[in-house]
Amino acid sequence: MATVTFDGATRIYPGTERPAVDKLNLHIEDGEFLVLVGPSGCGKSTSLRMLAGLEDVNEGRILIGDRDVTDVQPKDRDIAMVFQNYALYPHMSVADNMGFALKIAGTPKAEIRQRVEEAAKILDLSEYLDRKPKALSGGQRQRVAMGRAIVRQPQVFLMDEPLSNLDAKLRVQTRTQIAGLQRRLGVTTVYVTHDQTEALTMGDRIAVLKDGLLQQVGTPRDMYDTPANVFVAGFIGSPAMNIGTFPVADGAANFGKAHVNLPRDVIANIRPEDQGQITLGFRPESLDIVSAGTQDSFPVVVEIVEELGSDAFVYGSLTQDMAGTRLSSGAGEAQIIVRVDPRRVPAKGETIWVRVREGEQHQFHAASGERFDI
Amino acid sequence: MSLNLQITAAQPEPALLDLPWHVPLEEWPEPILAALPRGISRHIVRFVKLGGKVIAVKEIGETVAYREYELLRALNRLGVPSVTPLAVIDGRRDEHGERLETVLVTQHLQYSMPYRVLFSRVLRGDTVQRLIDALAVLLVRLHVVGFYWGDVSLSNTLFRRDAETFAAYLVDAETGELHPRLTAGQRAYDLEVARVNIIGELMDLVAGELIDTEVDTVAVGASLVERYTELWDALHDEESFGTAERWRVAERVRRLNELGFDVGELAITTDVDGTTVHIQPKVVEAGHHSRRLLRLTGLDVQENQARRLLNDLDQYRAATDRQGEDEEFVAHDWLTEVFEPAVRAIPRELRRRLEPAQIYHELLDHRWLVSSAQKRDVPMEEAVQSYVRDVLTHRPDERALLTPPTEEIPEVE
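Residues numbered from 1 in each chain as written. Chains lettered and ligands numbered in written order. Predicted model: local features only at pLDDT ≥ 70, side-chain atom pairs only at ≥ 80, totals over all residues. Heavy atoms only, no water.

What follows concerns the overall build of chain B. Looking only at helices and strands, chain B features 12 helices and 13 strands. Taken against the 2.2 N^0.38 rule, which gives 22 Å for 413 residues, the C-alpha radius of gyration of chain B at 24 Å falls within 12% of a compact globule. If one aligns the C-alpha atoms of chain B with their principal axes, the spans along those axes are about 80 × 60 × 50 Å. Put simply, chain B shows about 19400 Å² of open surface, and 51% of that area lies on carbon and sulfur atoms. (Helix = DSSP H or I, 4+ residues; strand = E, 2+ residues; numbered from the N terminus. Rg over C-alpha atoms; globule rule 2.2 N^0.38 Å. Areas by Shrake-Rupley, 256 points an atom, 1.4 Å probe, with all protein chains shown as cover.)

Residues and elements named next belong to chain B. Across the interface, helix α11 (residues 356–374) lies against helix α12 (residues 380–390) with an axial gap of 9 Å and an inter-helix angle of 100°. Classified by the angle between their axes, α11 and α12 sit roughly perpendicular to one another. Where α11 abuts α12, its residues I359, Y360, E362, L363, L364, H366, R367, V370 and Q374 lie against M380, E382, A383, V384, S386 and Y387. Across the contact of α11 with α12, the residue classes tally to 9 nonpolar, 3 polar and 3 charged. (Axes fitted to C-alpha atoms, helices over the stretch in contact; angles between N-to-C directions. Parallel < 35°, antiparallel > 145°, perpendicular 65-115°, else oblique. Contact = heavy atoms within 4.5 Å. Nonpolar A, V, L, I, M, F, W, Y, C, P; charged D, E, K, R; others polar.)

Attention shifts here to unusual backbone geometry. Going from S238(A) to P239(A), the amide bond is cis rather than trans, its omega being -5°. For P239(A), the location among the structural elements is in the loop between α8 (230–235) and β11 (242–249). A positive phi angle, close to 45°, is found at E161(A), a residue other than glycine. With respect to the helices and strands, the residue E161(A) is situated in the loop between β7 (156–160) and α5 (168–185). Accessibility expressed as a relative area gives 17% for E161(A), which makes it buried. Within the chain, D321(B) stands out as a residue other than glycine whose phi angle is a positive 55°. (Buried < 20%, exposed > 50% of the residue type's maximum accessible area, 1.4 Å probe, protein only.)

All right, on to the sheet that holds strand β5 (residues 67–68) of chain A then. Residues and elements named next belong to chain A. Spatially, the 4 strands line up as an open sheet ordered β2-β1-β4-β5, and their pairing is antiparallel. Strands at the two margins of the open sheet, each flanked by one partner only, are β2 (21–28) and β5. Bridge count between strand β1 (residues 4–11) and β2: 6 bridges; the pairing is antiparallel. Among the inter-strand pairings, T5 is bridged to a residue of β2, identified as H27. Taken strand by strand, helix α1 (residues 44–52) contacts β1, β2 and β4 (59–64), and its axis lies near 115° from that of β1. (Pairing = 2+ DSSP bridges.)

A common way to state how big an interface is: give the accessible area lost once the parts meet. Each assigned domain of chain B is listed with its residue range as follows: domain 1 (6–109), domain 2 (115–236), domain 3 (239–286) and domain 4 (302–394). Inter-centroid distance (C-alpha atoms) of domain 1 of chain B to domain 4 of chain B is 38 Å. (Domains from an automatic or database assignment.)

Moving on, we come to the pairing of strand β13 (residues 258–261) of chain A. Residue and element names in this part refer to chain A. Residues A258 and V260 line the buried face of β13, whereas the alternating positions H259 and N261 sit on a face that is not buried. Pairing between strand β12 (residues 252–255) and β13: 4 bridges, direction antiparallel. Bridge pairing links F255 to A258 in β13. Taking the residues between adjacent antiparallel strands as the criterion, β12 and β13 are bridged by 2 residues, where G256 takes a positive phi near 60°.

Contacts between the two partners involve 25 residues from chain A, matched on the other side by 34 residues from chain B. Across the chain A/chain B interface, buried area totals approximately 2500 Å², and carbon plus sulfur atoms make up 59% of it. Ranking the residues of chain A by area buried against chain B places L54(A), H91(A) and I104(A) at the top, with a combined share of 25%. Summed over the shared surface of chain A and chain B, the number is 1 salt bridge. Note that E177(B) and R49(A) form a salt bridge whose closest N and O atoms lie 2.5 Å from each other. Across the chain A-chain B interface, the total number found is 5 residue pairs in polar contact (both at pLDDT 80 or more). (Buried area = accessible area lost by both parts, 1.4 Å probe. Salt bridge = Lys/Arg side-chain N within 4 Å of Asp/Glu carboxyl O. Polar contact = N/O pair within 3.5 Å; in protein donor to acceptor, adjacent residues only side chain to side chain.)

All names here are of chain B. In the predicted model, chain B carries a mean pLDDT of 86, and the fraction of residues at 70 or more is 93%. Here helix α2 (residues 115–120) stands out as the element of chain B with the lowest mean pLDDT, 77, in contrast to strand β7 (residues 147–148), whose mean of 96 is the highest. Every residue in residues 402–413 scores below 50 in pLDDT, and together they form 16 contacts with partners more than four places removed in sequence or on other chains. Two numbers describe this predicted complex: its pTM, 0.83, and its ipTM, 0.81. (pLDDT = per-residue confidence, 0-100.)

This part covers the sheet that holds strand β2 (residues 45–50) of chain B. All names here are of chain B. The 5 strands lie next to each other as β1-β4-β5-β3-β2, forming an open sheet whose pairing is antiparallel. For this open sheet the edge positions go to β1 (6–9) and β2, each flanked by a neighbour on one side alone. Each strand of the sheet is rotated relative to its neighbour by a mean of 25°, with strand direction disregarded. Sheet topology note: the strand β3 (residues 53–59)/strand β5 (residues 103–107) ladder contains 5 bridges and is antiparallel. Of the residues in β5, the one forming a bridge with I55 is Q107.

Before going further, it helps to examine helix α3 (residues 126–144) of chain B. Residues and elements named next belong to chain B. The terminal C-alpha atoms of α3 lie 27 Å apart, and with 19 residues this matches the ideal 27 Å at 1.5 Å per residue to within 8%. Taken across its 19 residues, α3 has 14 buried, putting it largely inside the fold. Once α3 finishes, G146 follows within two positions and takes phi at roughly 90°, a positive value. (Expected span 1.5 Å × (residues − 1).)

Once that is clear, we can look at the layout of surface pockets. Residue and element names in this part refer to chain B. Considering only enclosed or pocket space, the second largest pocket measures out at about 1400 Å³ in volume. Lining the second largest pocket are 49 residues, with P81, V137, R141, A167 and E303 sitting closest to its centre. Elements supplying a minimum of two residues to the lining of the second largest pocket: α3, β8 (157–162), β9 (165–170), α5 (217–236), β13 (276–286), α7 (288–297) and α8 (303–319). Top contributing element to the lining of the second largest pocket by residue count: α3, with 8 residues. Tallied by class, residues from the lining of the second largest pocket come to 22 nonpolar, 14 polar and 13 charged. (1 Å grid on protein atoms, 1.4 Å probe; cavity = no way out; pocket = protein on both sides within 12 Å on 5 of 7 lines; lining within 4 Å. Points joined across faces, edges and corners; volume = space filled by probe spheres on them.)

Next up, the structure:
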């Protein structure tokens, strides 16, 4: 087991100018489950492949433990790419299916058996070791494939969108299994996904990338509660955060008749390039439904109601008299999402009045998109 | 039946619509299936008779299906031996409206065999090595065009006879990626995956007693790495020599041709003092012999078959004393006077058992055998008759090999 360090690691593809990964600095602790997440083309897979040795590192270094592996061959890095191949061999026992790579490497028989048995215990496969894969269920077969990687006892597990090939139900199941297994094994794991829900539910920490640049790294709670910039704010969380840019006057951000009071420190830190504007974000659960005309509330026309049983969400738009206010969410431009009581959902077409709950807004510089450092 | 079935295909194939897409692949009715041998796959794959041909249908995730379809199309365009994708069929639902997995449809490669079929027959020892050689050539060709496979294995490859050797075709591109150029790490990783997978697959055959239990599986895996490295280096190594030895430029090109590659671009540099020349092939393209044969005769065959046919053409040219003539004219006459009559002399019902070029290759071998046995120059017409009687009649039809597992299959070769 080991730590993993990206030290200013940069990858520039031949014939391109903008780096696919730009001076990535990231330290992953021993035994940690780190998720690299971001939209397509953000550099997450490239980062993982740099660690695997599949992509060249044009600048900077990559370390596994204290060892600089920047120029080490993939097979000599002591890492395992999990789930790349889980075709099982029909004539070989489950134990042999798990241990054959060790046999190739010349590991003594007794040691292979011992490592296979240990892995099987963790994977709940002990009683199947001497059977053929034919006798196993789909889920068990997948665990045998996982076992192949485990018995090698690599320093680091790498997983590149391992669930993308599974249907929705199996994906959720396998997600829980992988996360649970990783915790039991305690092997440092780097996991790539484009799905922020997967990232939030699996990772000890999450690193969000965009355009080859690391945006923020932190625990799922950090990312949700204190996103470092507008991009992370909009990317993490489902349904997404509502985000808009508004003029600041009289100690508040103003939109329509609504005011959101801003802390004094925020007002004091507005920069000249922000041009008197502030970007505010508020999550769907930070909006309260209030009676029409309540101070600082604004109207929302209900377009869709999404009922999830324990929760319900209104997807709506601002009314005409709010024209000119730019507000958007992950649901799309000019849309606003409000969490409502699932027992009292408004009807489609109805207008509801909502107010941002005191102090629950996120504040970002209008020019740079950075979070106010207060 | 689903209403919003979505078919993506380069060439519309109306017969595809008649297949029972509302049924999970695993439950497809026996009558529409072609009894082809299946490799090991982590997906459900079925071979289906469709019109005059056989297609392979694979259930696979939606995004992966489209990706693999596009990748296979790209590989086809680049001329790398790989299966031809036909369609992606999406939006499948069963009769209760439940979503069914997206499928990727590829054309079954005629005259191809999975390695398990080749091994399940009694094989001569060197067959394993010939399959490994074929896979090494395929891997080099893929890497030359910038394709990283990610999951190289015998299971993901199909083999076709190619004169006395085999030609390997890529069948599964699911984990593949196409890059402008591969990094050393990508090539090394592919090679390591190939080595481990091949050894695993052979260990499995040993466990199932399908091959000799004495086979040194680890050594066979290592030989892939060796063959690959030899070929890659021959194609890419820089060579230096004195200015007086400029003939070595032509010699290098000839050597690459001999290996079956054409040189698209050769970097030639000299030292400042002008005494040493460095050459390094920058762009190489496989298929030297098959391209030459295609240009001369219009015959589209595999590399080693082409090599054999070109040799025969050269002999014809020498025998008819036409070295001074345009090669195209001689080739045309060889085609109409020698090649076509020989292949046509094979009874129609036996002709499709092997590819025509493979039949011709075997005919040449056979004629040589009977000629040396009888110590005379046996004419082609006579050789054809004894080849049909003594060899071809006893061979299975390999166009779309039907092998019920219990059937006794005669020895290959």
